[in-house]
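# Reading the structure
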Amino acid sequence: MAPIKLAIVGVGKIVRDQHLPSIAKIADYELVATASRHGTVEGVPAFTTIQAMLEAVPEITAVSLCMPPQFRYEAAHAALNAGKHVFLEKPPGATLSEVQDLVRLAAGKKVSLFASWHSRYAPAVEAAKTFLAGTRIRNMQVIWKEDVRHWHPNQDWIWQAGGLGIFDPGINALSIVTHILPNAIFLTKASLEFPENRDAPIAADLRFCDAAGLEVHAEFDWRQTGKQSWDIIADTDAGQMVLSEGGAKLSVDGALTFSEPEKEYFELYKRFAAIIANGTLDVDLAPLTHVADAFMLGRRKFVDSFFD
Ligand code: NAP
């Protein structure tokens, strides 16, 4: 099959760290253009706006949108309207309703739309889902604590309205939780901590349950120095399951049962090629819905100002 002629918009950290190396390993894609105000990729025609790129390179068949979420809708609308398949970095947008609008547009244009959740493709996530499906879950704890200064230095957008703050990494945890649990969960209580000088939270404490009464407690914090934690722990009738390192490793009662090298973005691009081939959409809004619920239900506390 002829390769998908791909364009990337918003050439920044995640494009360099993950998209470019993953695309290079998959024969399904040929990178034919980029659009970014400053970023470029050596040897690839570069434009500063998506509109100029779409006009100049009509052979583009698919577009990956990797800019911050507040600026994704306009670019997605332009790409879908031009009949291109679209890959949305996570989170798929700044609001639920704008993503729903993109779903309608993609369906009407008969092109594929992919709301990517990279953490769902972490190596041990499917093994965790299988383990939980075979037992009774008593409770679940989610601990997502990292050092924002290390992982997001000087990213102003992340602290602005729509940038999600601590939910930028926290939504990765929610994407895993909503995938591995057998039943839907819903938020019952939340508290959010906002630095006095920022529009997005630095920490969040979330309580969920499902219809059968399963309790899920999530703690997200960006002030963690030293050891970083991206862990999901479930007490079950078959022992304590720990899905650690953001979904990379699975252990039960302390014994490692699953660990494989990380290839999340390779898997994301394989999935995108598959939905393009099938003519389908893959847009699950559950993780973003929980974040929206946290902003609706959460109590707000103001804490010390944050400076990079
Ligand atoms: P980033 O480097 O700060 O932003 C990506 C690029 O978007 C920037 O280099 C910039 O390129 C463009 N951009 C920035 N502000 C813009 C604006 N106001 N209007 C239009 N374009 C703008 O961020 P990132 O870390 O790559 O994250 C981008 C997305 O990927 C986010 O949604 C994030 O959640 C997701 N993501 C990030 C990571 C990670 O580890 N960093 C991991 C997974 C997913 P130009 O200046 O050239 O336009």
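How each quantity is defined
Residues numbered from 1 in each chain as written. Predicted model: local features only at pLDDT ≥ 70, side-chain atom pairs only at ≥ 80, totals over all residues. Heavy atoms only, no water. Helix = DSSP H or I, 4+ residues; strand = E, 2+ residues; numbered from the N terminus. Buried < 20%, exposed > 50% of the residue type's maximum accessible area, 1.4 Å probe, protein only. Contact = heavy atoms within 4.5 Å. Areas by Shrake-Rupley, 256 points an atom, 1.4 Å probe, with all protein chains shown as cover. Pairing = 2+ DSSP bridges. Axes fitted to C-alpha atoms, helices over the stretch in contact; angles between N-to-C directions. Domains from an automatic or database assignment. Buried area = accessible area lost by both parts, 1.4 Å probe. Salt bridge = Lys/Arg side-chain N within 4 Å of Asp/Glu carboxyl O. Near = heavy atom within 4 Å. Polar contact = N/O pair within 3.5 Å; in protein donor to acceptor, adjacent residues only side chain to side chain. 1 Å grid on protein atoms, 1.4 Å probe; cavity = no way out; pocket = protein on both sides within 12 Å on 5 of 7 lines; lining within 4 Å. Sits in = over half its atoms within 2 Å of the grid points. Nonpolar A, V, L, I, M, F, W, Y, C, P; charged D, E, K, R; others polar. Phe/Tyr/Trp six-rings, centres within 6.5 Å; stacked < 30°, edge-to-face > 60°. Arc of directions from axis to C-beta.

### Description of the overall build of the chain
Tallying secondary structure elements over the chain gives nine helices and 15 strands in all. For the chain, the spread of C-alpha atoms along the three principal axes comes to 55 × 45 × 35 Å. Sorting the 308 residues of the chain into buried and exposed places 52% on the buried side. Taking contacts inside the chain between residues at least 6 apart in sequence as the whole, the part at least 24 apart equals 71%. For the chain, the accessible surface area stands at approximately 13800 Å², while carbon and sulfur atoms represent 52% of it.

### Here we look at the sheet that holds strand E3 (residues 46-47)
Here we have six strands laid out as an open sheet, ordered E3-E2-E1-E4-E5-E6, and parallel in their pairing. Looking along the sheet, the strands with just one partner apiece sit at the ends: E3 and strand E6 (113-115). Of the strand pairs in this sheet, strand E2 (residues 29-35) and E3 are connected by two bridges, and their pairing is parallel. Across the sheet, residue Ala-35 finds its bridge partner in E3, namely Phe-47. Strands in contact with helix H8 (residues 264-278) are strand E1 (4-9), E2, strand E4 (62-65), strand E5 (85-88) and E6; relative to E5, the strand with the most contacts, it is inclined by about 150°.

### As for the side chain of Ser-229
Along the polypeptide, Ser-229 turns up in strand E11 (residues 229-236). Look at Ser-229 and you get buried, because its relative accessible area is 10%. In this structure, Ser-229 is in contact with Ile-143, Trp-144, Lys-145 and Gln-224, ignoring residues within four places of it in sequence.

### Some thoughts on the domain arrangement of the chain
Per the domain assignment, the segments making up the chain are domain 1 (4-115) and domain 2 (120-260 + 292-303). Just the C-alpha atoms count here: the centres of domain 1 and domain 2 sit 27 Å apart. The interface is formed by nine residues belonging to domain 1 together with 12 residues belonging to domain 2. When domain 1 packs against domain 2, close to 770 Å² is buried across both sides, 62% of that on carbon and sulfur atoms. Taken as a group, Gln-70, Lys-90 and Pro-91 account for 50% of the area that domain 1 buries against domain 2, more than any other trio of residues on that side. The interface formed by domain 1 and domain 2 includes one salt bridge. A salt bridge links Lys-90 to Asp-168, with the nearest nitrogen and oxygen atoms 3.3 Å apart.

### What about the site of the ligand?
What surrounds the ligand is a group of 23 residues, the closest being Ser-36, Arg-37, His-38, Gly-39 and Asp-168. Backbone polar atom of Val-11 to an oxygen atom of the ligand: 3.3 Å apart, as the coordinates give it. Note that an oxygen atom of the ligand is positioned 3.2 Å from one of the side-chain N or O atoms of Arg-72. When the ligand sits alone it has 870 Å² of accessible area, and the protein chains cover 81% of it. In this structure, the ligand is accommodated by the largest pocket. In terms of residue class, the shell around the ligand is built from 10 nonpolar, seven polar and six charged.

### Some words on the sheet that holds E11
Taking strand neighbours across the sheet as the criterion, the nine strands line up as E14-E13-E12-E11-E7-E10-E9-E8-E15 in an open arrangement whose pairing is mixed. Each edge of the open sheet carries a strand with a single partner, namely strand E14 (255-259) and strand E15 (299-303). Taken pair by pair, the neighbouring strands of this sheet meet at an average axis angle of 15°, ignoring direction. In this structure, strand E8 (residues 185-195) lies alongside E15, joined through five bridges in parallel fashion. In the strand pairing of E15, Leu-192 is matched with Arg-300.

### Brief notes about the packing of aromatic side chains
To describe a pair of aromatic rings, you give the distance between the ring centres and the angle between the ring planes. Inspection of the entire model under this criterion finds 11 aromatic pairs. When the ring of Tyr-29 is compared with that of Tyr-269, the centres are 5.2 Å apart and the planes differ by 85°; the resulting orientation is edge-to-face. Pair noted here: Tyr-29 is in strand E2 and Tyr-269 is in helix H8, with a separation of 240 residues, a long-range link. Take Tyr-29 and Tyr-269: they sit in the same class, and that class is buried. An aromatic cluster is present here, built from Tyr-29, Phe-87, Phe-114, Tyr-269 and Phe-272 joined pairwise through their rings.

### A look at the pairing of E8
Inspection of the sheet shows E8 paired to strand E9 (residues 203-210) by eight bridges, in the antiparallel sense. Across the sheet, residue Phe-186 finds its bridge partner in E9, namely Cys-209.

### Points about helix H5 (residues 125-133)
Inspection of H5 places Val-125, Ala-128, Phe-131 and Leu-132 among the buried residues, and these make up the whole buried set. Buried residues of H5, seen end-on, are gathered within an arc of 120° and therefore sit on one face of the element. Looking at H5, the residues exposed on the side facing more than 90 degrees away from the buried face are Thr-130 and Ala-133. Close packing links the buried residues of H5 with strand E7 (137-145), helix H7 (167-180), E11, strand E12 (239-244) and strand E13 (249-252).

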